[in-house]
Each structure stands twice: as structure tokens, then as C-alpha cells.
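Listed below, chain by chain, are the residues.
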Amino acid sequence: MEELKGSRFAHVTKAHPCFNEKMHDKVGRAHVPIAPKCNIYCNFCTRDINQDEIRPGVASCVMDTDDAIEHVENVTKEGPIAVVGVAGPGDSLANEATFEFFEKLGKTNPDLIKCMSTNGLLLPDYAERIAELGVNTVTVTVNAVDPEIAKDIYTFINYNGKIYKGKEAVEILIKNQLEGIEKLSNLGVIIKVNSVLIPGLNDEHIVEIAKEVKKRGASLMNVLPLIPLNKMKDYPRPTCAEIEKVRDEVEEILPVFRACTQCRADAYGIPGKKSEDKHLGMTPASHY
Ligand code: SF4
Ligand code: SF4
Ligand code: SF4
């Protein structure tokens, strides 16, 4: 299995701008904003529909899956898109459209790398379905593996139709994230873990996350600076030195992806090339 995972990793990451820093300014990804619903409440998150902000959780519209397929057709004609991802603006697994979309994409564009990002709450339930759909890479955002820390990052989760709060909520979330990563990785899906660095809260803990997710089969980590919004608007934005320090510590455990600039849920084009990184609101509506 290790050997198989190794060869899949090399094959996929050779062309994936979010798993290979050398490709971040060479090949493109297209996010299709088809997943508006979310099933947890991260205290730093503000989802929005707008044309201007460059950050996760933002898109200029929500598409249905047919429009998303048409969008992929258009953008693959425009430039070298290697990857199609579902990255919100909510949680990919909380939206049935994500599965419907990948099923359609597997028929229309079987050669594109299929990617999604998730908070991981539903990963144990959906790991098999994700692998069966041929999704190659999944990014799971894990901001704490200690409930004492996690309880200050999340307000609630909505799991199996029930709202959980406080420690009870984060214990379920952490358990599912770790179980889900293990399950998916055993099914041959390549996993990157994103952790949002929140100064004074999880900055000294991210290295523990790295150890735990490595045990479960994650291949890569991405440490992202907090964008102070919503209930965390008064937290400081981490400095470059703080981020670098944590990335260096994590790198002792797992490879670290350092080129991420946190893009929108409707971004497309080449992420590391400013002139060729676009998002939906930038193009005239008549184009679609
Ligand atoms: Fe926002 Fe993503 Fe957290 Fe949902 S999982 S609340 S979309 S950051
Ligand atoms: Fe990259 Fe994440 Fe989008 Fe996948 S979902 S293409 S890893 S930004
Ligand atoms: Fe993915 Fe970050 Fe690159 Fe966007 S900037 S494509 S989120 S790695």
C-alpha cells in the first residue's frame, strides 16, 4: 500500500498546484462554487457572496452542477487547468451537489485531477463515496486536535441533524477528522491538512496536529495565517516570522506547502501567476 500511495502521490502532485510548489505558478486550478452550505461554525469564518474579497469562503455566485461543468469546459479552453476543486463557499461534504458534480466531471473530463476541501466532519461517512468518484486529493482543515483548544475555535457543529456545542461538539469533530483522514488515505486518496494559525490559541499546538495527522496518513501540511474576522476579529494577524517558525517546526514532521495565498471559492487560472489568476466576478456575465 505504501508503494502504491507513493506512486499515486508522485503522479498527482506532479501536476497539482496546491500540492507542488514548483507547479503553483505553472498550472491552473478551477474552483466551482457549488457548495454553499456548511455544517460547522468556525469562529473566524464569514462566508459571503461578493466580487472583491480574495479569501476562502467567498464566491461571486453559487452554481448548479450543469453550470459548473460548462464553466470547466470554458476555463479549460482558456488555459492550462490541471485540477478542478470544490472549495465551498461552505463545506464540500455538506452539499450533495459536490458528489453530483464529480460524477458528471468524471464523464466529461476524466483526465482532470479532482480535488475538494472539507472540514472533515463527514469524512468517515463519505470516504468510500469520495474514493469511488475518483477524487484524487482532499484538503482537510484541522485547527486543533485537543478539545480544550478546539472549543475556542468552533461554536457548534450540526451532525446527523443535531446541534452540538462546546467540548462535546469538538470531540466529535476531531474524532471524525482523524478517522476520516485515516480512512481516505487507506483508500489511496492523497491528503493535505490545512491548519489556520491563530496566535495565542493554537500556535504552539500545530506541531501536535502535524504528528497526529501524519500517523493517520496525511502527506502534506499547509499552515495558513488567521484572517481575523467574525468572532475572531480582535485576534492579531500572525506575523510572517510567526508563520515561518511554525512551518519550520512542522517541516520536521511532514512536508509543508508554503506557496498558498488563500484563494476564493470561485478562483480559476494559475494561482501563482497574478496576471493569470482570476475569479468569477471578474469576467463579464455575458461570457457565461
Ligand atoms: Fe466557514 Fe469552512 Fe468553517 Fe464552514 S468549515 S464555517 S465554510 S471556514
Ligand atoms: Fe487547491 Fe484546495 Fe482548491 Fe484543491 S480545493 S484545488 S487543494 S485550493
Ligand atoms: Fe490552493 Fe492556496 Fe494555491 Fe489557492 S493559493 S490554489 S488555496 S494552494
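See the structure shown above.
To start, this report covers the structure provided alongside it. (Residues numbered from 1 in each chain as written. Chains lettered and ligands numbered in written order. Predicted model: local features only at pLDDT ≥ 70, side-chain atom pairs only at ≥ 80, totals over all residues. Heavy atoms only, no water.)

A closer look at the packing of aromatic side chains
The test is simple: In this scheme Phe, Tyr and Trp rings, the latter by its six-membered ring, pair at centre separations within 6.5 Å, and the angle between planes marks the pair as stacked below 30 degrees, edge-to-face above 60, and tilted otherwise. The helix and strand labels rest on DSSP assignments: H or I over at least four residues marks a helix, E over at least two residues marks a strand, and numbering proceeds from the N terminus. Note on geometry: a ring has a charge over it if NZ (lysine) or CZ (arginine) is within 6 Å of the ring centre and within 35 degrees of the ring normal.
Going through the model one piece at a time under the given rule, you end up with three aromatic pairs. Measuring from centroid to centroid gives 5.6 Å for Tyr-41 and Phe-156, while their planes differ by 45°, and the two rings are tilted. Taken as a pair, Tyr-41 in strand E2 (residues 40–42) and Phe-156 in strand E8 (residues 154–159) lie far apart in primary sequence, 115 residues in all. The side chain of Arg-129 reaches across the aromatic face of Phe-99, ending 4.1 Å from its centre. The positively charged end of Lys-192 is found above the aromatic ring belonging to Phe-19, 5.5 Å away from the centroid.

Some words on the packing of helix H7 (residues 206–215) against helix H8 (residues 240–251)
Angle between the axes and distance between the axes: these two values describe a pair of packed helices. For clarity, the threshold we go by: All axes here are fitted lines through C-alpha atoms, helices being fitted over the stretch that makes contact, and every angle between N-to-C directions spans 0 to 180 degrees. Relative orientations are named as follows: roughly parallel for angles under 35 degrees, roughly antiparallel for angles over 145 degrees, roughly perpendicular for angles from 65 to 115 degrees, and oblique for any other angle. In this scheme the handedness of a crossing depends on how the near helix is turned from the far one: anticlockwise by less than a right angle means left-handed, clockwise means right-handed. Contacts between residues were defined by any pair of non-hydrogen atoms, one from each residue, lying within 4.5 Å. Only Asp, Glu, Lys and Arg are considered charged, only Ala, Val, Leu, Ile, Met, Phe, Trp, Tyr, Cys and Pro nonpolar, and every remaining residue, Gly among them, polar.
At their nearest, the axes of H7 and H8 sit 9 Å apart, and the two run at 30° to each other. By the criterion of interaxial angle, the relationship of H7 to H8 is roughly parallel. Note on packing geometry: the crossing formed by H7 with H8 is right-handed. Judged by residue contacts, Ile-206, Val-207 and Ala-210 of H7 engage Val-246, Glu-249 and Val-250 from H8. Counted by class, the contact of H7 with H8 contains five nonpolar, no polar and one charged residues.

Section: the environment of Leu-173
On the secondary structure map, Leu-173 appears in helix H6 (residues 166–186). Taking the C-alpha atoms as reference points, Leu-173 and Gly-88, 85 residues apart in sequence, are found 18 Å from one another. Ignoring any residue separated from it by four or fewer positions in sequence, one finds Leu-173 in contact with Ile-40, Asn-119, Leu-121, Tyr-154 and Ile-157.

Topic: the site of ligand 1
Put simply, the rule is: Distances are taken per atom, and a residue is near a molecule or strand as soon as one of its heavy atoms is within 4 Å of it.
In the vicinity of ligand 1, the contacting residues are Cys-38, Ile-40, Cys-42, Phe-44, Cys-45, Arg-47, Pro-89, Gly-90 and Asn-119. Here the shell around ligand 1 is composed, by residue class, of six nonpolar, two polar and one charged.

Comments concerning the site of ligand 3
Taken together, Cys-18, His-24, Arg-29, Phe-257, Cys-260, Thr-261, Gln-262, Cys-263 and Pro-271 are the residues near ligand 3. Across the shell around ligand 3, the residue classes break down as five nonpolar, three polar and one charged.

Observations concerning the pairing of strand E10 (residues 190–197)
Basically, it comes down to this: Three exposure classes are used, based on accessible area relative to the maximum for each residue type with a 1.4 Å probe and protein chains only: buried under 20%, partly exposed in between, and exposed over 50%. In this analysis, strands are considered paired if DSSP registers two or more bridges between them. Think of it like this: strands point away, you trace from the first strand over the helix to the second, and a clockwise trace means the crossover is right-handed.
Among the eight residues that make up E10, eight are buried, leaving the element largely enclosed by the rest of the structure. Of the two faces of E10, the one carrying Ile-190, Lys-192, Asn-194 and Val-196 and the one carrying Ile-191, Val-193, Ser-195 and Leu-197 are both buried. As judged from the six bridges shared by E10 and strand E11 (residues 220–225), these two strands associate in the parallel manner. From the neighbouring strand, Leu-197 faces E11, where its bridge partner is Pro-225. With H7 bridging E10 and the parallel E11, this β-α-β connection has right-handed handedness.

Focus on the side chain of Arg-29
Along the chain, Arg-29 turns up in strand E1 (residues 28–31). Look at Arg-29 and you get buried, because its relative accessible area is 2%. Those residues in contact with Arg-29, other than ones at most four positions away along the chain, are Pro-17, Ile-81, Val-83, Cys-263, Ala-267, Tyr-268, Gly-269, Pro-271 and Asp-277.

Some words on the side chain of Glu-212
With respect to the helices, strands and loops of the structure, Glu-212 is situated in helix H7. Filtering out sequence-adjacent residues up to four positions away, Glu-212 remains in contact with Val-145 and Leu-178.

Describing the sheet that holds strand E7 (residues 137–141)
Strand order in this open sheet of eight strands is E11-E10-E7-E6-E5-E1-E12-E13, and the pairing throughout is mixed. The two strands at the open ends of the sheet, each matched to only one other strand, are E11 and strand E13 (277–279). Ignoring which end each strand starts from, the neighbouring axes of this sheet average 25° apart. Here four bridges tie E1 to strand E5 (residues 81–86), and the two strands are oriented parallel to one another. Within E5, the residue paired with Ala-30 across the bridge is Val-84.

Here we look at the environment of Gly-269
Relative to the assigned elements, Gly-269 resides in strand E12 (residues 267–269). Given a relative accessible area of 10%, Gly-269 falls into the buried group. For the pair Gly-269 and Val-75, spaced 194 residues apart in sequence, the C-alpha separation works out to 7.7 Å. Filtering out sequence-adjacent residues up to four positions away, Gly-269 remains in contact with Gly-28, Arg-29, Ile-81, Glu-276 and Asp-277.

Comments concerning the nonpolar core
The test is simple: Nonpolar cores were defined as sets of buried Ala, Val, Leu, Ile, Met, Phe, Trp, Tyr and Cys residues, with membership established by side-chain atoms within 4.5 Å.
Judged by nonpolar contacts, the single largest core of 70 residues is most densely connected at Phe-101, Ile-130, Ile-157, Val-193, Val-213 and Met-221. For this core, the leading source of residues is H6, giving eight residues. In this structure Val-193 touches Val-140, Val-142, Ile-181, Ile-209, Val-213, Ala-218, Leu-220, Met-221 and Asn-222, once residues within four positions along its chain are discounted. Met-23, Val-27, Ala-82 and Val-83 belong to the second largest nonpolar core, which has seven residues in total.

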